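# Observations on the three-dimensional arrangement
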Amino acid sequence: MANTKGGPVYTGLRKIPDRVLLLFAGLIYLFLYAPIMVLIFFSFNSTKNTQVWTGFSTQWYGELIRDTSVFNALKLSLTVGLTATAIATVIGTLTALALSRYDFRGKTFADSAIYAATVMPEIVVGVSLLVFFVAATIELGIVTIIIAHVAFCISFVTIVVRARLAGMDRSVEEAAQDLGATPVQTFLRVTLPLILPGVMAGALLAFTLSFDDFVITFFVAGVGSSTLPLQIYSMIKFGVSPVINALSTVVMISTMVLILGGSRFLSRGENA
Amino acid sequence: MGKGGRGWSLGLAGLLSPVTIWLGLFFLIPLLFILAYSFGKSGVYGGITLGFYPSNYLKVFNPLYLEIIVRTFVIALTNTFLCLVLGYPLAYFIAFKSGRHKNILILLVMIPFWTSLLLRAYAWVVILGGNGIANRTLQFLHITDHPLDLIFTPQAVIMGMVYSYLPFMILPLYAALEKFDSRLKEAAQDLGASRWQTFWRVTFPLSMPGVIAGSILVFIPSAGEFVIPNLLGGARIVMVGNLIQQQFLEARDWAFGSALAVMLAVLLVGAIMFYVRRVGSEKLEEV
Amino acid sequence: MSREKRISRGDFLRAMGAGAVAGSTLSVLACQPNTTAQSSGGGGGGPEEKVLNLYNWNEYVAKSTIPNFEKQTGIKVTQDFYSSNEELLAKLQAGGTGYDVIVPSDYMISIMIKSDILEPLDMSKIPNFKNVGDNYKGLPYDPHNEYSVPYQWGTTGILYNKKKLGKLGPTWEPMWDPDYKRKIGMLNDPRETPGAALYKLGYSVNTTDQEQLDEAEAELEKQKPLLRGYFDSTQNRPLVINGDLWLGHVFSGDAFLALSSNEDLDYLIPKPGATRWTDNMAIPKGAEHPDNAVKFINYILGAKAGAALSNYTYYNTPNEAALPMIDPALKKLPGYTLDPSVFERLQVIEDVGKATREYADLFTAVKSS
């Protein structure tokens, strides 16, 4: 099963250590999904309780269909998430390229700023951004949420893509240019495909961060811009309704269906 | 050696302009506000009057707060170590042993994190509760004969942190491992190295940038965590994230909260820069 | 060398392009109103747009509350949520505007009045205020109801497992009983939990006397090893129902919710003191639809809306006219309808100014020890 292009060779899972690895991986997935199974379970609870089982009912799914505010929140979270992820991924990737391939005065400052953006506690970022937006008379709304999300996601993308770029063999890029490719062509046809798993990993991370963000979003959201976390975390005081469990179940199942349905597109051959 | 270089160039400026504009405007300027607040004086009801009161920083050196900061670092380090130990094998498996299903498997890692952390924390309370699956299984297997206190303990907090931050380790590791040219592995094995030797001498060192990136992405945000200690620890594990949150909200002391945040940032960024320069930079950047 | 330059320009152009697109898109969007519920600007003269921006706790309106209001008045309501009084305050203080009605708790009202961020209420436009019982008017945080009217009220007491522990007398002692080790849950609240210690010692919940606070701290330190943890009220509820806790420090609504489906449980309001709290409706300064806001406030104080609200939230209504329409099953629950003698021992948590930080530090020290 060797190939001539390099890249990981898939030799099947016949050997014992591979089997152990497979078992371990399975256990980790179980760990990750155990709460999800409980969550789905309680979406069918017969009373407004997410921790005590009282009986089977599909009432929360009925309520989910009637409750437009929850769906609007989901739509908003998706809009914000996808937009912010797209922007942050582009900016983060460019930044990673700059930081990993160049040495320049002020690089220490740039590095520190990138790390500092991951350090700042959410309440601090949220309050200070709000003060900034008000001072700059930028109206609060969906745009301010996106701006804030991009701001805290860029660093994560940068750090992940840098890990991918580190120690990367530049000879293919150099060869392409020796053969007459323009810089844009080189980037699009050579560099980008090589770093794509890193870029995608960064994008996944950014989306995940954005989708469940509460504190920062709370402070910079405008009227009527309730994202899903703003709905959910604000239920702590008077009780989380299993409608949220129902919504999460629906989202999860839909995502799974999409992914497995698109699996042919996602699964690439060893020699892709 | 590479296409980068030393010193500024038009290309470099181009690459850096988006982040400079964005973070400059929407992170650094707000950060300046926080810096100003940290030297200001808090109003009784919140809000702040600017001035020069460095005493906010001296307040940090209170045994209560120092204890909280130390505890936070210990938890963050433990979390990072556990995430590495648990996340590396999974990243390795997905990168090398899953063939066509790589992309799906990575997505499957992330999908649980697209449901609210609050709901998943509540689910852990159910799983680890007195009557929950964990205890019932232990009793069923006769490992214990009565329900154990599994939830609302320091161990539950650590487990919750690992649960929360595992993707932050797995994704960078996967990104770094996946580019790995396995011909190097084959070469090592052709030369007589065992699988284990191949891993330790070849694979692991080459994945160091991923290890470093993952460690940073777990350690730093862990230090600012405030949700998990409350939801899974019964609020008995006070971390510096809880402290800063509380200073801005309940105590309405924006000045002190800001000072704490600035100190935390300086400490952490300083630590990271030190770590990266000493340990990682050659490996991070070398071509 | 020329190759270097070509790469640079390509990188540069790409980067500039990305930056320009992002920047211009955002600046265009940022300068436009970007939510549908925006009004056409400023208060003052002219009829208001038929819109109301409500900022409330989540799950704190009945399913019918907003739709009925919208039908009656034709005003479209947008509801956003906050999860704590402190977050609400911080957001308003940092400049977050756009809301017409907010629902802060008692002590927060007095803080907001002192910070001058509330609009005085035009009571002539709130005739339903007459429905509010005397017990709920003129409370210390807003003695003449100039800025707020009550929305829901409740007590903070102890939900416990009557089947397991037997019927307990109304005191705070059980929460300090070593026999119940690791089966007790207190609230994660820097006023309620230190308050419980203060009540137990017979002091005022608003004391600023350092000695009394030290005593309270000592009590809490004594209690800590017996606790499972400090939780939200909504977490204490399922833990008591499940048996993970035998006693939970809860808000009354959570207790009633638990009691209405569990006969094994009971709720007590301890002597010598316990909290009585009130959530209120108020109008923040700069609200763009103040007329719609008072209409909404008046609507909530109506008998039908008030009853629907309390029947959903399981909290008490301040609305005497609504009482006949409250679910009779609720009225029978222990602690729902209060004797005047019980009322006497209830205290209202008030703002204590600078001493707030004392309470916060005290509680952090106990939690952290």
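Every residue gets a number counted from 1 within its own chain, in the order that chain's sequence is written. Numbering of ligands from 1 and lettering of chains from A proceed in the order in which they are written. Note on the predicted model: pLDDT of at least 70 is required for a residue's local features to be given, and 80 or more for side-chain atom pairs to be given and counted; whole-chain, interface and lining totals, by contrast, use all residues.

## Considering the overall build of chain B
Only DSSP runs of H or I covering at least 4 residues are called helices, and only runs of E covering at least 2 are called strands; the numbering of each starts at the N terminus. The number of helices and strands found in chain B is 13 helices and three strands. Dimensions along the principal axes, computed over C-alpha positions, put chain B at roughly 70 × 70 × 30 Å. For chain B, with 287 residues in total, the buried portion stands at 53%. Backbone-placed C-beta atoms define the burial measure: a residue is buried with 20 or more other C-beta atoms within 10 Å of its own, exposed with 12 or fewer, and partly exposed in between.

## Digging into the overall build of chain C
Scanning chain C for helices and strands turns up 14 helices and eleven strands. Relative to its 369 residues, chain C shows a buried fraction of 53%.

## A short note on the pairing of strand E7 (residues 227-231) of chain C
Residues and elements named next belong to chain C. Counted residue by residue, E7 has five buried out of five residues, so it is predominantly covered. Pairing between strands is defined by DSSP: at least two bridges between the two strands are required. With four bridges connecting them, strand E6 (residues 184-187) and E7 associate as parallel partners. Each residue of the ladder has a partner; that of isoleucine 184, found in E7, is leucine 227.

## Some points on the interface of chain B and chain A
It is the C-beta atoms, placed from the backbone, that decide contacts: two residues are in contact if theirs lie within 7 Å. Counting from both sides, the interface comprises 94 residues of chain B and, opposite them, 91 residues of chain A. In this classification, the charged set is Asp, Glu, Lys and Arg, the nonpolar set is Ala, Val, Leu, Ile, Met, Phe, Trp, Tyr, Cys and Pro, and all remaining amino acids, among them Gly, are polar. When the residues that make up the side of chain B that touches chain A are grouped by side-chain class, the tally is 66 nonpolar, 15 polar and 13 charged.

## What to know about unusual backbone geometry
Residues and elements named next belong to chain C. Across the junction of lysine 271 and proline 272, the peptide omega takes the value -5 degrees, indicating a cis bond. Of note, proline 272 is situated in the loop between strand E9 (265-268) and strand E10 (274-284). Within the chain, asparagine 145 stands out as a residue other than glycine whose phi angle is a positive 45 degrees. Turning to its location among the elements, asparagine 145 is positioned in the loop between strand E4 (118-119) and strand E5 (148-161). A tally of 18 C-beta atoms within 10 Å means that asparagine 145 is categorised as partly exposed. The phi torsion at tyrosine 314 lies on the positive side, around 70 degrees, for a residue other than glycine. Residue placement: tyrosine 314 occurs in the loop between helix H11 (303-313) and helix H12 (328-331).

## So, the domain arrangement of chain C
Residues and elements named next belong to chain C. Domain assignment breaks chain C into domain 1 (51-153 + 278-330) and domain 2 (155-276 + 339-368). Where each domain begins and ends is defined by an automated method or by a domain database. Measuring from the centre of the C-alpha atoms in domain 1 to the corresponding centre in domain 2 gives 27 Å. Contact with domain 1, which involves 15 residues of that partner, is made by eleven residues of domain 2. Of all the secondary-structure elements, those providing two or more residues to the side of domain 1 that touches domain 2 are helix H4 (106-114) and H12. In terms of residues, the side of domain 1 that touches domain 2 owes the most to one element, H4, which gives four residues.

## Remarks on helix H4 (residues 107-119) of chain A
Here H4(A) is 13 residues long and its end C-alpha atoms lie 18 Å apart, about the 18 Å a rise of 1.5 Å per residue gives. Where H4(A) is concerned, the buried positions are Ile114(A), Tyr115(A), Ala116(A), Ala117(A), Thr118(A) and Val119(A). By definition here, a helix of n residues has an expected span of 1.5 Å times n minus one.

## Things to note about the environment of Val342(C)
Within the secondary structure, Val342(C) sits in helix H13 (residues 340-345). Considering only alpha carbons, one finds Val342(C) and Pro270(C), 72 residues apart in sequence, at a separation of 9.1 Å.

## What to know about H11(C)
All names here are of chain C. Where H11 is concerned, the buried positions are Ala305, Gly306, Ala307, Ala308, Leu309, Ser310 and Thr313. Close packing links the buried residues of H11 with helix H2 (65-73), E5, helix H9 (252-259) and helix H10 (290-300). Backbone geometry just downstream of H11 places tyrosine 314 in the positive-phi region, at approximately 70 degrees.

## Remarks on the environment of Val74(B)
Residue and element names in this part refer to chain B. Position of valine 74 among the secondary structure elements: in helix H3 (residues 63-96). Judged by local crowding, valine 74 falls into the exposed class, with 10 C-beta atoms found within 10 Å. Residues valine 74 and alanine 223, 149 residues apart in the sequence, show an inter-C-alpha distance of 9.3 Å.

## Thoughts on the nonpolar core
Nonpolar cores are built from buried Ala, Val, Leu, Ile, Met, Phe, Trp, Tyr and Cys residues. These are joined into a set through C-beta atoms within 7 Å. Formed by 285 residues in total, the largest nonpolar core has its most connected members in Ile154(A), Val160(A), Tyr174(B) and Val101(C). Built from parts of two domains, this core gets at least three residues from each of domain 1 (51-153 + 278-330) and domain 2 (155-276 + 339-368) of chain C. Excluding residues within four positions of it along the chain, Tyr174(B) makes contact with Ala201(A), Ala91(B), Ile94(B), Ala95(B) and Ile106(B).

## Concerning the environment of Thr54(A)
All names here are of chain A. Examined against the element boundaries, threonine 54 turns out to sit in the loop between helix H1 (16-42) and helix H2 (59-66). Here threonine 54 falls in the partly exposed class, since 14 other C-beta atoms lie within 10 Å of it. Sequence-wise, threonine 54 and phenylalanine 24 are 30 residues apart; in three dimensions their C-alpha atoms are separated by 35 Å.

## Re the packing of helix H3 (residues 68-101) of chain A against helix H6 (residues 142-165) of chain A
Residues and elements named next belong to chain A. Each axis is a line fitted through C-alpha atoms, taken for helices only over the stretch in contact, and angles between the N-to-C directions span 0 to 180 degrees. Relative to each other, H3 and H6 sit at 40 degrees, their axes nearing to 6 Å. On the basis of the axis angle, H3 is oblique to H6. Relative to H6, the crossing made by H3 is right-handed. Working rule for angles: under 35 degrees goes down as roughly parallel, over 145 as roughly antiparallel, 65 to 115 as roughly perpendicular, anything else as oblique. What makes a crossing left-handed is the near helix being turned counterclockwise from the far one by less than a right angle; a clockwise turn instead makes it right-handed.

## Re the pairing of E6(C)
Residues and elements named next belong to chain C. Of the two faces of E6, the one holding Ile184 and Met186 and the one holding Gly185 and Leu187 are both buried throughout. Judged from the two bridges that link them, E6 and strand E8 (residues 247-251) form a sheet pairing that is parallel. Its bridge partner being in E8, isoleucine 184 is matched across the sheet by leucine 247.

## Here's the deal with the packing of helix H8 (residues 233-242) of chain C against H9(C)
All names here are of chain C. Orientation of H8 relative to H9, taken along the N-to-C sense of each, is 25 degrees, at an axis distance of 9 Å. The orientation of H8 with respect to H9, classified from their angle, is roughly parallel. Remark: the crossing between H8 and H9 carries right-handed chirality. From H8, Ser233, Thr234, Asn236, Arg237, Val240 and Ile241 reach across to H9, where they touch Asp254, Leu257 and Ala258. Class assignment for the residues of the contact of H8 with H9 results in four nonpolar, three polar and two charged.

## Details of the confidence of the model for chain C
All names here are of chain C. As a per-residue quantity, pLDDT reports the predictor's confidence and falls between 0 and 100. On average, residues of chain C score 89 in pLDDT, and 88% of them reach the 70 mark or higher. The least confident element of chain C, judged by mean pLDDT, is helix H1 (residues 2-30) at 44; the most confident is strand E3 (residues 101-102) at 98. Below pLDDT 50 for its whole length, residues 1-44 participates in 70 contacts with residues either more than four positions away or in separate chains. In the model output, the complex is listed with pTM 0.90 alongside ipTM 0.91.

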